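Descriptive structure summary
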Amino acid sequence: MYVCVCNAVTERHIVAAVREGATTLRHLRRDLGVTAECGRCARCAHDCLRSALAEHNSTSEASTPMFARPMFPLALEAV
Ligand code: FES
């Protein structure tokens, strides 16, 4: 599905950007041009970003040994 029509950005592009390290809408704008034109895609892009981050974090946690995980991941994300 297209998320940003102005820049032909799809959900797959956002998932790929998250795999490359994007964690904010600002990163998506920098990397993909999302919201850089009309801005109508902001809400959908944000929702896709959250979904992609949740999926990415759940798969990375599953493949990370328990001893290598931070003890307080939510606190670390806020810093
Ligand atoms: S739809 Fe994304 S900038 Fe217009």
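This write-up is about the structure you can find in this document.

Comments concerning the overall build of the protein chain
Looking only at helices and strands, the protein chain has 4 helices and 2 strands in total. Walking the protein chain from its N terminus toward its C terminus, one meets helices and strands in the order β-β-α-α-α-α. A total of 79 residues make up the protein chain; the buried ones form 23% of that total. Relative to all contacts within the protein chain whose residues are 6 or more apart in sequence, the contacts with residues 24 or more apart total 46%. Of the roughly 5,900 Å² of accessible surface on the protein chain, 56% is carried by carbon and sulfur atoms.

Section: helix 1 (residues 11–19)
Within helix 1 the residues assigned to the buried category are Ile14, Ala17 and Val18. Along the axis of helix 1, the buried residues cluster in a sector spanning 100°; they form a single face. Every exposed residue of helix 1 that faces more than 90 degrees away from the buried side is listed here: Arg12 and Arg19. Remark: Gly21 follows helix 1 within two positions and exhibits a positive phi of approximately 120°.

Observations regarding the pattern of salt bridges
For side chains bearing opposite charge, pairing can occur when the charged atoms are close. In this structure the tally under the stated criterion is 1 salt bridge. For Asp31, the salt bridge identified is with Arg30, shortest N-O distance 2.7 Å.

Section: the nonpolar core
By size, the foremost hydrophobic cluster in this structure holds 15 residues, and its most contacted members are Ile14, Leu28 and Val34. Within the residue set of this core, elements represented by two or more residues are strand 1 (2–4), helix 1 and helix 3 (42–63). Tallying contributions element by element places helix 3 first for this core, with 5 residues.

A few points about the side chain of Thr10
Tracing the sequence through the fold places Thr10 in strand 2 (residues 9–10). When its relative accessible area of 15% is taken as the criterion, Thr10 is described as buried. Residues within four places of Thr10 in sequence aside, it is in contact with Met1, Tyr2 and Val3.

Some remarks on unusual backbone geometry
Unusually for a residue other than glycine, Ala8 sits at a positive phi of about 55°. Note that Ala8 resides in the loop between strand 1 and strand 2. Exposure remark for Ala8: the relative accessible area of 40% places this residue in the partly exposed category. At Thr35, a position not held by glycine, the phi torsion is positive, near 70°. With respect to the helices and strands, Thr35 occurs in the loop between helix 2 (25–32) and helix 3.

Scoring rules and cut-offs
- Here, residues in each chain are numbered from 1, in the same order as that chain's written sequence.
- For this predicted model, a pLDDT threshold of at least 70 governs which residues receive local features, and a threshold of 80 or more governs which side-chain atom pairs are given and counted, while totals over whole chains, interfaces and linings are taken from all residues.
- The basis for every side-chain value is the complete set of heavy atoms in the structure, and neither hydrogens nor water enter the calculation.
- Strands here mean DSSP runs of E at least two residues long; helices mean DSSP runs of H or I at least four residues long; both are numbered from the N terminus.
- A 1.4 Å probe rolled over the protein chains alone gives each residue an accessible area, and that area as a share of the maximum for its type sets the label: buried under 20%, exposed over 50%, partly exposed in between.
- In what follows, residue pairs with any heavy atoms lying within 4.5 Å of each other are defined as contacts.
- Accessible areas in this description were obtained via Shrake-Rupley with a 1.4 Å probe; residue shielding takes into account the shown protein chains only.
- Starting at the helix axis, one direction is taken to each C-beta atom, and the arc is that of these directions.
- In what follows, salt bridge is the name for a side-chain nitrogen of Lys or Arg lying within 4 Å of a carboxyl oxygen of Asp or Glu.
- Buried Ala, Val, Leu, Ile, Met, Phe, Trp, Tyr and Cys residues that are joined via side-chain atoms within 4.5 Å together make up what is termed a nonpolar core.

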